[in-house]
Amino acid sequence: MDYIILDIEFNGRKFASDKPMEVIEIGAVRLDSSLRQVDEFSSLIRPVYFAKLNSFIREKTGIPQEDIDAAKGFVPVIRAFLHWLDRSEACTFVTWGGEDLKRIVLDTRMHKLDDAYWLQADYYDLLKIYLRTRGLTNDVSVEKALEELGIPAEGSAHRALDDARMTAEIFRRVFPEILPESDVRRYKDTYSNAKERRMVKNAIRGLVVQKTAPTWELVADKLAKAKVDMDNVKKAAELKAYYDVEAAKPVKPRPPRPERPVDAEAGADPADAEAGDEPADGSASTDGADAAGAADSADSATATDSKHGANGSPSPRHLL
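Here's what I pulled together on the structure shown here. Each chain carries its own residue numbering, running from 1 in the written order of its sequence. The predicted origin of the model limits local features to residues at a pLDDT of at least 70 and limits the giving and counting of side-chain atom pairs to 80 or more, whereas totals for whole chains, interfaces and linings rest on all residues. Neither water nor hydrogens contribute to the side-chain values; these are computed over all heavy atoms in the structure.

### A short note on the pattern of salt bridges
Side-chain pairs of opposite charge can arise whenever the charged atoms involved come near each other.
Here is step 1: Salt bridges are counted wherever a side-chain nitrogen of Lys or Arg sits within 4 Å of a carboxyl oxygen of Asp or Glu. Scanning the model with the defined rule gives 20 salt bridges in all.
Here is step 2: Here Arg-186 ties to Asp-122 by a salt bridge, and the two come within 2.7 Å at their closest N and O atoms. Of the two residues, Arg-186 is situated in strand S6 (residues 184-187) and Asp-122 in the loop between helix H5 (116-119) and strand S5 (123-125); the sequence distance between them amounts to 64 residues.
Here is step 3: Working definition: with a 1.4 Å probe on protein chains only, accessible area under 20% of the residue-type maximum means buried, over 50% means exposed, and in between means partly exposed. Given the relative accessible area of 2%, Asp-122 is considered buried.
Here is step 4: Between Asp-162 and Arg-165 there is a salt bridge, with its nearest N and O atoms 3.1 Å apart. With Asp-162 and Arg-165 both in helix H8 (residues 160-174) and three residues apart, the pair spans about one turn of that helix.
Here is step 5: Exposure remark for Asp-162: the relative accessible area of 16% places this residue in the buried category.
Here is step 6: Overlapping salt bridges, with partners in common, bring together Arg-30, Asp-39 and Arg-87 in one network. Under the scheme used here, helices are H or I runs from DSSP no shorter than 4 residues and strands are E runs no shorter than 2 residues, and both carry numbers assigned from the N terminus.

### Quick notes on the packing of helix H10 (residues 194-209) against helix H11 (residues 216-225)
Here is step 1: Angles run from 0 to 180 degrees between N-to-C directions of axes, and those axes are lines fitted to C-alpha atoms, restricted for helices to the stretch in contact. Look at H10 against H11: their axes get within 10 Å of each other, and the N-to-C directions meet at 125 degrees. Taken together, H10 and H11 sit at an angle that is classed as oblique. In this structure, the crossing between H10 and H11 has a hand that is right-handed. Judged by residue contacts, Glu-196, Met-199, Val-200, Ala-203, Ile-204 and Leu-207 of H10 engage Leu-218, Val-219, Lys-222 and Leu-223 from H11.
Here is step 2: Residues are grouped as follows: nonpolar covers Ala, Val, Leu, Ile, Met, Phe, Trp, Tyr, Cys and Pro; charged covers Asp, Glu, Lys and Arg; every other residue, Gly included, is treated as polar. Of the residues assigned to the contact of H10 with H11, the class counts are eight nonpolar, no polar and two charged. For this classification, under 35 degrees means roughly parallel, over 145 means roughly antiparallel, 65 to 115 means roughly perpendicular, and everything else is oblique. A crossing counts as left-handed when the near helix is turned anticlockwise from the far one by less than a right angle, and as right-handed when that turn is clockwise. By the convention used here, residues are in contact when the closest approach between their heavy atoms is within 4.5 Å.

### Quick look at helix H3 (residues 74-85)
Here is step 1: What a helix is expected to span follows from its residue count: subtract one and scale by 1.5 Å. Here H3 spans 16 Å end to end across 12 residues, near enough to the 16 Å set by a 1.5 Å rise per residue.
Here is step 2: The secondary structure elements touched by the buried residues of H3 are strand S1 (2-10), strand S2 (23-31), strand S3 (37-44), strand S4 (91-95), helix H4 (99-110) and H5.

### Some remarks on the nonpolar core
Here is step 1: For the purposes of this section, nonpolar cores are sets of buried Ala, Val, Leu, Ile, Met, Phe, Trp, Tyr and Cys residues that join through side-chain atoms within 4.5 Å. Counting 28 residues, the largest nonpolar core has Trp-96, Ile-170 and Phe-171 as the members making the most contacts within it.
Here is step 2: When residues of this core are traced back to their parent elements, those giving at least two are S1, S2, helix H6 (126-134), helix H7 (142-149) and H8.
Here is step 3: Counting residues per element, this core draws most heavily on H8, which supplies seven residues.
Here is step 4: Not counting chain neighbours up to four residues away, the residues in contact with Phe-171 comprise Tyr-3, Ile-5, Leu-31, Leu-35, Val-94, Tyr-124, Leu-126 and Ile-178.
Here is step 5: Of all hydrophobic cores here, the second largest spans 25 residues; its members include Phe-41, Cys-91, Ala-121 and Tyr-123.

If you want it as structure tokens, here you go:
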């Protein structure tokens, strides 16, 4: 069983568009069953849309525009990647979050290629595993995890191969704490995004604060007023299922705020603007909003009952 540490970069955009964001770089590191590095894969990809990188992406990744201009398109690169993957008799992917595999699936479909290999591929979301094993609730970057583990960061952040190499270092350290039966996942399509699901949770909290029993009808009305497309049957069904899970959870009471000193000056209470505090009325901040639309959520995967090392991913030969 090999482990493929995968990272991708994609071309973001600064404005709303019906054109998709696309993968512009794939980087991967192959580890054998002893977690020794065997080889690497790296390739830039010339996107169909937004082929001219905006300033944010250029500065974030350091990828020169001329390198993108000279790169091959997605189809020949993904075929070369599948050939490279085929050197492993069986493999499990390792990613930092769920975005990497999702982007490959979406681009595969955009180019009308067979997505069966990717839908059957087992993978570990190392970010979720890291958070679980450290008792954390807020996401952390690869660089922050390296710092917390005392591992020197080498290479350039936001370049796919360097990020894959750094993620491999974290994987080696965390490997003994992985729970194969519950940690292994497979990609699953989603129709709502993280912001919309957060709005459901906030709406439930807001109704409880108002001493109103939460119902799906009340929550759905709040979502519709917030311009969530509730006419999308799949999205509405997914948000309803999310509501059912969240509504069944006991609402945790917020700790009381400390009383202000008697001689405090009049003005805004700093406690009223706690960092990261979400509105109780069901509205949601724009932080973390997914610009890629309804299907773009970073947690687009579900756990499977696959065993660690059991069969692994199918051979990609039939896709070429």
